[in-house]
Amino acid sequence: MKKRMGDILLEMGFIGQDQLEMALAESKETGKMMGDVLLRLDWLTEEQLQLAIAVQSGAKLLDRTTVQVDQQLLSEIPQKFVLKHNIFPFAREGNVIKAATHNPFDVVARDELARMTGQQVTTYIAPKEWIAKSIELYYQTAKAIDDDIEKATRTTGALEEEFEDNQIITLADRLIEKGHVMGASDIHVVPDVNLVRVYYRIDGVLHQNYLFPKAFSKSLVTRFKIMGDMDISNPNIPHDGRIKYQGAVGDIDIRVSTFPTHLGETIVMRLLSYSKVVGDIQVLGFESEDLEQFMKNIHRPYGLIISTGPTGSGKTTTLYSALMAINSPEVNVMTVEDPIEYVIPTVRQTAVNPKAGLTFSNALRSTMRQDPDIVLVGEIRDRETADLALQASMTGHLVLSTLHTNDAASAINRLLDLGVNTSILASSLTLIVAQRLMRKVCSQCSELIDTPPDMKEPFTKNDLEAPEKIRKAVGCERCYNSGYSGRTGIYEIIKIDKEIEQLIFSGALKSTIEAAAIKAGTSLMFRQALRKVIGHVTSMDEVYRVVADA
Ligand SMILES: [Zn+2]
């Protein structure tokens with residue numbers, strides 16, 4: 001039987017009994033849905049309501065920041081229909097259409113969509129507001145963004161003094177919106193000798209999207225700096241800033257940094273997903289036995305779990321998903337981050353602020369006085385933070401953190417290099433997860449080919465059976481001709497068992513520890529990547545782009 005919304009909200013700790021009773025009475029009197037009543041009273045956030053609906057309906061939450069909208073699909077579905085039902089079909093995979101709805105219990109809309117398209121429909125939960133905005137954006141203004149960009153460049157003269165401020169303002173806004181719509185994580189504005197290049201990083205790879213006359217360079221950079229509340233008087237030193245962008249596509253939180261080059265200032269904008277609801281662990285790409293290992297360890301009440309990899313390898317997403325999986329009203333989850341990348345309801349999150357004296361180590365020290373059960377430390381960069389994290393993990397807390405190393409075994413050396421005590425490290429470290437993100441081949445255009453004979457060797461060398469057929473990336477409109485769409489994680493996991501603990505304690509070499517881990521079941525990164533090829537998830541090219549053959 002369907003659980004009642006009120007009970008779910010209570011259980012999740014989003015509202016109290018008094019609030020529930022008042023809202024129930026109000027709902028009865030006005031005939032409004034209880035969720036809406038609570039929203040209007042500001043007792044509940046849209047995100048919390050979404051989570052509760054997900055629990056109630058069993059439908060998945062839509063990860064709105066990574067949605068790639070299939071324009072072709074939209075052109076087949078009348079705008080009148082989507083407006084009437086407030087349902088937003090955004091993607092098609094095989095015979096299944098994925099659609100966003102704020103009400104997964106609305107089977108009429110789902111059935112009609114299925115009948116109209118002759119395909120199955122899976123619904124995902126998204127806020128009502130977001131769906132309405134998306135319909136407007138994609139049906140009416142998706143092309144308008146490009147038109148605006150073109151108009152701004154066409155009507156603006158090639159000389160700097162001919163610029164009109166509002167044209168540059170529009171152009172800057174559209175470049176941000178375009179990045180958001182395309183699901184970019186970063187926007188780069190890079191001056192060259194005669195022109196300015198604008199790149200978007202999508203699925204971890206830079207794509208050049210626009211070229212503007214060089215004369216645009218300074219005005220654009222200045223505009224972004226003004227938006228980021230940054231010093232525009234000195235272009236010769238790097239600056240940092242933050243933009244809280246509010247526009248047609250929704251709110252976007254952006255971290256901006258400038259860098260002086262000999263050709264002018266370069267700007268990089270990181271689009272932070274403040275509204276992102278981290279997906280469930282199942283979709284991160286763990287192999288099933290690894291997922292089991294991971295889940296077992298994050299549910300232990302103490303110990304240190306390290307997620308490691310280069311910048312952009314998805315470490316933070318993994319740890320956040322872990323937090324989501326273990327978060328409950330009974331435990332106090334606290335974080336110290338730089339910056340806060342996702343907001344998780346009920347988790348007490350702090351951002352470090354070195355300028356104000358709030359560093360990782362002193363924020364962590366204060367956190368420990370707040371009686372936490374689980375602590376996420378954004379990154380361990382220094383001895384002090386490392387010592388505090390280890391201490392916490394030995395005194396009945398589960399500590400999650402990240403490091404920058406290429407593989408799992410190197411994390412041990414990195415911590416020892418920081419100067420931590422060997423025996424404390426050996427006894428408190430429980431799990432190391434090294435990871436990378438690989439692009440998935442586009443499901444619309446990738447080709448199944450016979451595995452070339454020379455590509456079989458890496459498989460057999462890694463104790464895997466070489467597949468008869470593999471997927472090759474091609475490129476189509478949907479994947480912006482990259483041949484890839486979306487990403488998945490590969491994970492190299494070392495469980496610190498008695499033997500490895502002993503090896504750490506005795507100061508064993510990295511290679512010795514790695515060998516012991518493999519014997520105990522660890523599958524190294526390259527092998528994990530090959531398994532994704534066997535599963536037809538990615539291509540051999542992508543394997544070599546992401547991981548070197550060890
Ligand atoms: Zn494609």
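Residues numbered from 1 in each chain as written. Predicted model: local features only at pLDDT ≥ 70, side-chain atom pairs only at ≥ 80, totals over all residues.

This next bit is on the overall build of the protein. Along the backbone of the protein there are 21 helices and 19 strands. Taken over the C-alpha trace, the protein has a radius of gyration of 25 Å; the compact-globule value for 550 residues is 24 Å, and the two agree within 12%. Reported as C-alpha extents along the three principal axes, the dimensions of the protein are approximately 70 × 70 × 60 Å. Residue pairs in contact within the protein that sit at least 24 positions apart in sequence constitute 63% of those at least 6 positions apart. (Helix = DSSP H or I, 4+ residues; strand = E, 2+ residues; numbered from the N terminus. Rg over C-alpha atoms; globule rule 2.2 N^0.38 Å. Contact = placed C-beta atoms within 7 Å.)

With that settled, consider the domain arrangement of the protein. Accessible area lost upon the coming together of the parts serves often as the stated size of an interface. Under the domain assignment used here, the protein contains domain 1 (5-129), domain 2 (153-271) and domain 3 (281-439 + 487-534). Each of domain 2 and domain 3 was reduced to a C-alpha centroid, and the two centroids are 35 Å apart. (Domains from an automatic or database assignment.)

Read from one edge of the open sheet, seven strands run E13-E12-E14-E15-E11-E16-E19, paired in mixed fashion. Two strands bound the open sheet, and with one partner strand each, they are strand E13 (348-351) and strand E19 (484-495). In this sheet, adjacent strand axes meet at a mean angle of 20 degrees when their direction is disregarded. The sheet strands contacting helix H13 (residues 360-368) are strand E12 (333-337), E13 and strand E14 (374-377), and the helix crosses E12 at an angle near 165 degrees. (Pairing = 2+ DSSP bridges. Axes fitted to C-alpha atoms, helices over the stretch in contact; angles between N-to-C directions.)

Our focus in this paragraph is helix H2 (residues 17-30). For H2, with 14 residues, the first-to-last C-alpha span of 20 Å sits near the 20 Å given by 1.5 Å per residue. Phi turns positive one or two residues past the end of H2, at Gly31, with a value near 75 degrees. (Expected span 1.5 Å × (residues − 1).)

What follows deals with the sheet that holds strand E3 (residues 96-101). Spatially, the four strands line up as an open sheet ordered E1-E4-E3-E2, and their pairing is mixed. Each of the sheet's edge strands pairs with one partner strand only, and the pair in question is strand E1 (60-61) and strand E2 (87-93). As paired strands, E2 and E3 are joined by six bridges and run antiparallel to one another. Following the sheet pairing, Arg92 is matched in E3 by Ile97. On the sheet, helix H7 (residues 107-117) packs against E2, E3 and strand E4 (120-125) and is oriented at approximately 140 degrees with respect to E4.

What follows deals with the packing of helix H18 (residues 498-505) against helix H19 (residues 510-519). One way to put it is that H18 packs onto H19 with a least axis distance of 10 Å and a crossing angle of 180 degrees. With respect to their mutual orientation, H18 and H19 come out roughly antiparallel. Residue-level contacts link Glu499, Ile500 and Leu503 of H18 to Thr512, Ile513, Ala516 and Ala517 of H19. Residues belonging to the contact of H18 with H19 are distributed by class as follows: five nonpolar, one polar and one charged. (Parallel < 35°, antiparallel > 145°, perpendicular 65-115°, else oblique. Nonpolar A, V, L, I, M, F, W, Y, C, P; charged D, E, K, R; others polar.)

Let us look at the confidence of the model for the protein. Confidence along the protein averages 86 in pLDDT terms, with 93% of residues attaining 70 or more. Taking the mean pLDDT of every element in the protein, the minimum, 72, falls on helix H8 (residues 128-155) and the maximum, 97, on strand E11 (residues 303-308). (pLDDT = per-residue confidence, 0-100.)

Regarding helix H15 (residues 410-417), the residues found buried are Ala411, Ile412 and Leu415. Down the axis of H15, the buried set is contained in an arc of 105 degrees. They therefore lie on one face. Once H15 finishes, Gly419 follows within two positions and takes phi at roughly 105 degrees, a positive value. (Buried ≥ 20, exposed ≤ 12 C-beta atoms within 10 Å, placed from the backbone. Arc of directions from axis to C-beta.)

Quick look at unusual backbone geometry now. Note the cis peptide between Asp338 and Pro339, where omega equals -10 degrees. Tracing the chain through its elements places Pro339 in the loop between E12 and E13. Although it is not a glycine, Asp371 adopts a positive phi angle of roughly 55 degrees. Tracing the backbone through its elements, the reader meets Asp371 in the loop between H13 and E14. In this structure, Asp463 takes a positive phi of about 60 degrees despite not being glycine. Turning to its location among the elements, Asp463 is positioned in the loop between helix H17 (457-461) and strand E18 (469-472).

Moving on, we come to the nonpolar core. Across soluble globular proteins, nonpolar side chains show a tendency to be buried alongside one another. With 67 residues, the main nonpolar core has Val377, Ala389 and Ala529 as its most contacted residues. Setting aside residues up to four positions removed in sequence, Ala529 forms contacts with Met438, Ile490, Val543, Val546 and Val547. One finds Val196, Val198, Met230 and Ile254 within the second-largest nonpolar core, a separate group that totals 31 residues. (Core = buried A, V, L, I, M, F, W, Y, C linked by C-beta atoms within 7 Å.)

When you line up the elements, Gly118 lands in the loop between H7 and E4. On the basis of neighbour counts, which here come to 8 C-beta atoms within 10 Å, the residue Gly118 falls in the exposed class.

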